[in-house]
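Now for the letters of each chain:
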Amino acid sequence: MEKPPLPNDEDGSVLAESRSDTALVAADEEGSAGADGPEDDRPAWDSKLQYVLAQVGFSVGLGNVWRFPYLCHQNGGGAFMLLYVLLLLIIGVPLFFMELAAGQSIRQGSIGVWKHISPRLAGIGYSSCMVCFFVALYYNVIIAWSLFYMGNSFQYPLPWEQCPVDMISNQTVKECASSSPTSYFWFRKALDISDSIDQSGEFNPIMTGCLLAAWALVCLAMIKGIKSSAKVMYFSSVFPYAVLICFLIRGAMLDGAVEGIKYMFYPKLEIWGEVQVWRQAATQVFFALGLGYGSVIAYSSYNPVHNNCHRDAIMVSGINFMTSVLASLVVFVVLGFRAKNICIFSIQMCLTIIMKLFLVVRGVEGTGLAFIAFTEAMALFPASPFWSTLFFLMLLNLGLSTMFGTMQGILTPLMDNFRVLGRHKTMLTVCSCILGFFIGLLFTQRSGNYFVTMFDDYSATLPLIIVVVFETFSVAWIYGADRFLDDVEVMLHWRPPVIYCYLWKYVCLLGMVGLLAASLLRMVFKRPTYTAWNHTTGSETSLEYPGWALVMLSMLIIVASLPVPIGYLLSFLRGGRSLPVEEGEIEPPRERYSKCNSAEPEPNNHHSPLDEDRNRPRSTFLPLGAEHYRLLPQQEEGEEEEDTGL
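Starting afresh in each chain, residues are numbered from 1 along the sequence in its written order. The predicted origin of the model limits local features to residues at a pLDDT of at least 70 and limits the giving and counting of side-chain atom pairs to 80 or more, whereas totals for whole chains, interfaces and linings rest on all residues. With hydrogens and water stripped out, all remaining heavy atoms of the structure feed into the side-chain values.

An unreviewed UniProt entry lists the chain under the name Transporter, with Sinocyclocheilus grahami given as the organism.

Caption draft 1: Representation of the overall build of the chain in the model. Across its full length, the chain carries 29 helices and four strands. Partly exposed residues are those whose accessible area sits between 20% and 50% of the maximum for their type, while under 20% is buried and over 50% is exposed, using a 1.4 Å probe and protein chains only. The buried share of the chain, reckoned over its 646 residues, is 59%. By definition in these notes, contact holds between two residues if any of their heavy atoms fall within 4.5 Å. Relative to all contacts within the chain whose residues are 6 or more apart in sequence, the contacts with residues 24 or more apart total 82%. A total of about 25,900 Å² of accessible surface is found on the chain, and carbon and sulfur atoms cover 63% of it. Helix numbering and strand numbering both begin at the N terminus, where a helix is a DSSP run of H or I of at least 4 residues and a strand a DSSP run of E of at least 2. Per-residue and other accessible areas were derived by the Shrake-Rupley procedure at a 1.4 Å probe size, with only the shown protein chains allowed to occlude residues.

Caption draft 2: Up close: the packing of helix α6 (residues 78-106) against helix α15 (residues 275-288). Look at α6 against α15: their axes get within 9 Å of each other, and the N-to-C directions meet at 55 degrees. On the basis of the axis angle, α6 is oblique to α15. Two packed elements cross with a definite hand, and for α6 against α15 that hand is right-handed. Touching F80, L83, Y84, L86, L87, L88 and G92 of α6 are V277, W278, A281, A282, Q284, V285 and A288, all from α15. Note on residue categories: nonpolar means Ala, Val, Leu, Ile, Met, Phe, Trp, Tyr, Cys or Pro, charged means Asp, Glu, Lys or Arg, and polar means any other residue, Gly included. For the contact of α6 with α15, the residue count by class is twelve nonpolar, two polar and no charged. Throughout, an axis means a line fitted to C-alpha atoms (over the contacting stretch in the case of helices), and angles, computed between N-to-C directions, take values from 0 to 180 degrees. For classification purposes, angles smaller than 35 degrees are called roughly parallel, those larger than 145 roughly antiparallel, those between 65 and 115 roughly perpendicular, and all remaining angles oblique. Whether a crossing is left-handed or right-handed is set by the direction in which the near helix is turned from the far one by less than a right angle, anticlockwise for left-handed and clockwise for right-handed.

Caption draft 3: Examining the packing of aromatic side chains more closely. Pairing of aromatic rings covers Phe, Tyr and the six-membered ring of Trp, with a centre-to-centre limit of 6.5 Å; geometry is then stacked below 30 degrees between planes, edge-to-face above 60, and tilted otherwise. Following the criterion strictly, the structure yields 43 aromatic pairs and no others. Measuring from centroid to centroid gives 6.4 Å for F80 and Y84, while their planes differ by 35 degrees, and the two rings are tilted. Here F80 pairs with Y84, and both are found in helix α6, just four residues apart, close to one helical turn. This pair shows no difference in class: F80 is buried, exactly as Y84 is. Each ring is checked for a lysine NZ or an arginine CZ that lies within 6 Å of its centre and within 35 degrees of its normal; such an atom marks a charge sitting over the ring. The ring of Y479 has R483 sitting right over it, with the charged end atom 5.3 Å from the ring centre.

Caption draft 4: Inspection of the environment of Y458 at higher detail. Within the secondary structure, Y458 sits in helix α23 (residues 448-459). Residues Y458 and M523 lie 65 residues apart in sequence; the distance between their C-alpha atoms is 9.7 Å. In contact with Y458, other than residues within four places in its own chain, are P463, M523, P528, Y545, L553 and I557.

Caption draft 5: Layout of the UniProt feature "binding site: Na(+) 1" (unreviewed entry) in the chain. UniProt positions are given in the numbering used here, feature names are shortened, and annotations may be inferred rather than shown by experiment. The positions that UniProt labels "binding site: Na(+) 1" (unreviewed entry) are, in the present scheme, G57, V60, N64 and L398. Their sequence span is 342 residues, while the largest C-alpha to C-alpha distance among them is just 11.4 Å; these annotated residues converge on one region. Relative to the helices and strands, G57 resides in helix α3 (residues 48-59). For G57, a relative accessible area of 4% translates into the label buried. Residues in contact with G57, not counting those within four places in the same chain, are S237, S401 and T402. Of note, L398 is situated in helix α20 (residues 384-417). Classification of L398 by relative accessible area gives buried; the value is 5%. Contact partners of L398, with chain neighbours within four places excluded, come to V60, G61, L62, V65 and P240.

Caption draft 6: Expanded view of the pattern of salt bridges. Salt bridge, as used here, is a side-chain nitrogen of Lys or Arg placed within 4 Å of a carboxyl oxygen of Asp or Glu. The full count for this structure, using the stated rule, is seven salt bridges. One salt bridge connects D192 with R446, and the closest N-O pair in it is separated by 3.8 Å. Of this pair, D192 sits in the loop between α10 (181-190) and α11 (205-222) while R446 sits in the loop between α22 (425-440) and α23, placing them 254 residues apart in sequence. Its relative accessible area of 26% is what places D192 among the partly exposed residues. Under the relative-accessibility criterion, R446 is labelled partly exposed at 24%. R495 is the salt-bridge partner of E489, the closest N and O atoms lying 3.0 Å from each other. Here E489 falls in the partly exposed class, since its relative accessible area comes to 32%.

Caption draft 7: Focus on the environment of Y70. Structurally, Y70 is set in helix α5 (residues 68-74). Expressed as a C-alpha distance, the spacing of Y70 and V331, which sit 261 residues apart in the sequence, is 9.3 Å.

Caption draft 8: Region of interest: α15. Along its 14 residues, α15 runs 20 Å from first to last C-alpha, staying within 8% of the 20 Å computed at 1.5 Å per residue. Of all 14 residues making up α15, ten are buried, and the element is well covered by its neighbours. Of all the residues in α15, the buried ones are V277, R279, Q280, A281, A282, T283, Q284, V285, F286 and A288. Of the residues flanking the end of α15, it is G290, one or two places downstream, whose phi is positive at about 70 degrees. By this rule, a helix spans an expected 1.5 Å times one less than how many residues it contains.

Structure follows, in C-alpha cells:
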C-alpha cells in the first residue's frame, strides 16, 4: 500500500492518463474531488448546517425519548447521568471522532474505509451494512406505529381515553377492564396481538398499510441521495426539539411536575458498585451515537477533506446528551403529573408504583413508555388531541431522521464499491425500500411485536459491538494510533491531543471487549425471554422463546457477524494479496495523493520516501497520509470549495 512518487512528466500527460485509469477524468474536467471513484462527481452537503443536522438527526432517535429516561430512573438518577457523561467522554467521543475522521478523509462508505486499511478487514463494512438492514426492517415498523397513533389523535375524545362497551352484553370489554384503556388500545386495537410468538395469526391490514406508508416516506426522502434527504432534515431534525420544549413548558405548569423532576435527579451513588449499571450506561452511549452502523462514516464521507471533524464529534455528542436530558425532563414532569392525578398516596410513592409497573412491561424502555404511559398522561391534558398529535408527530420525525442515516449506512457503501449500483442510485433506493417492506410484513402479523422485540434485542447488539471492537483494534494496533493521528493532523492542519492514542489503544478497546463479554455472558446464563400479552387476564407475562425462535435469533447474530471472519479468511487464503475487484466493483482510490520530499518537488525526482528510510515503511490509511502529502491537480485547494458546495 506504499504510495508511488509523483510521475516524472513535465507535460502532465502521464498524470492525466493515471487519472483516467482510475475513473477520475470527469472529476478532473469539472473540478471535482472525485474521491469516490465513480465517473460521476461524489455528492456533497450544500452547507455545514445540513451535515450537522444529518448527524444529529441520526444519533438522536427514539432511544433518547424512551430508553434514556427509563435507565436514568432505574440506575440512580443523577448518579447514572454522571456515569453516562464519563463513559461518553472516554469511549463515546473518541470512537465517534475515529469514524468521522476515517469517513471524511477516505470519502468512502464503511466497506471502502476498512478495505482501504487492509483487504482482510473488508468484512467489517459488510457486517455494518447487514446490521443496518436488520435495524431498518424493524425500525420502520415503529414509524408505522407512530403513523397509526398520529392518525387516531384527530379524534375527541381520544380513542384510548375510555374502555369500549360490548354491544351484546352492554358492559365494558373484559380485557380492557382488566388492564387499562391505553393498554387495551395498544395491544388489541393497534397490534391485535396474539398470546404468544407461536400464534402467528393473520396480517393486521391497518398496520400493513401504515408500514407501506412509512417505507414510501423513506423512499421519497432518499430517492435523490443526500441531496433530497438533507432537505428533509431541516424539518425532521429540528421539529422534535420544538415539540420537546413545548411539552416541557406545558408540563412544568402541571401539578406534580416538580416532584417528578426531583425523583428523576435524586442521586443513588451506591448504584456505581453494580456491574449491570456500567453495562447499561456503556450500551446506551454506544447506541446513542450510532457507532458501528457505518452511517456516521457514510455521512462524513460527503464532507470536504479539511472539515473540522474533531469539533463535529464533540458538538454532536454534546447535543445528543442534552437531548436525552431534555427528553428525560419532559417524561418525568408528565409522569409526576400522571402520578398526582391517579394515585391516592404520596407523589413519591406514586412515582415508585408507576416505575415498578413499568418493570412488568418489557417495552418500558421503548413502546411501553411511548404508547401506553405517555398516551395515558396526555389523555388528561386539556386539548388532548392537539398534544397527542404533536407528540406522535415528534416520534415520527425522530424515527425518520434516524431511518435516513440507517439507510445511508446501507446504500453509500454499496454505491461506492459496486459500479453498477453507483450508476443506478435511484433504482437501488427504490428496490431496497420495496425489499424492506416485503420482509417487514413479518412484523405486521398478530405476533409481529414479538419479532420486533427479538430483532431489537439480538440482531444489532452483539454484531455491532463486534464490529466496533474490530474497528478500534484495526485503527489502534494494525494501522497504529500514532500514525492515524499523524494523518488526521494533515487533514485538520492541527494535531488532536495525544490522549486519543491511549484512549483508542486501551480504554476504548478494553471497554468494548468488556461490553461484548458482559453481553455474551448475559445471553449464556439467562435464557432469552420475551413478554407476551394474555388477553384473558389482560396482563403481560414473561415467556421463554421456543426452540425455533432461539434458532432464528441465533441466525440473526451469526449472519450479521459472519462477514468479518469470512472476509479475513478469503484474504488469508489468497496469501494476503489485495482482494480481486469483482465485476462492477470499484477499488478504493489509493493513489490520489503522492508523498513528496518537499512541498514543491523537483520534476525529475524519482525518489520515494521509502528509499530514504527503508526501515520505516509507511502505508497510509488516510489518503492524506504523512506530513508532506500534497493534492493532485484534480483536487487543488482552490477547487475544493467549488467541489463541495461548502
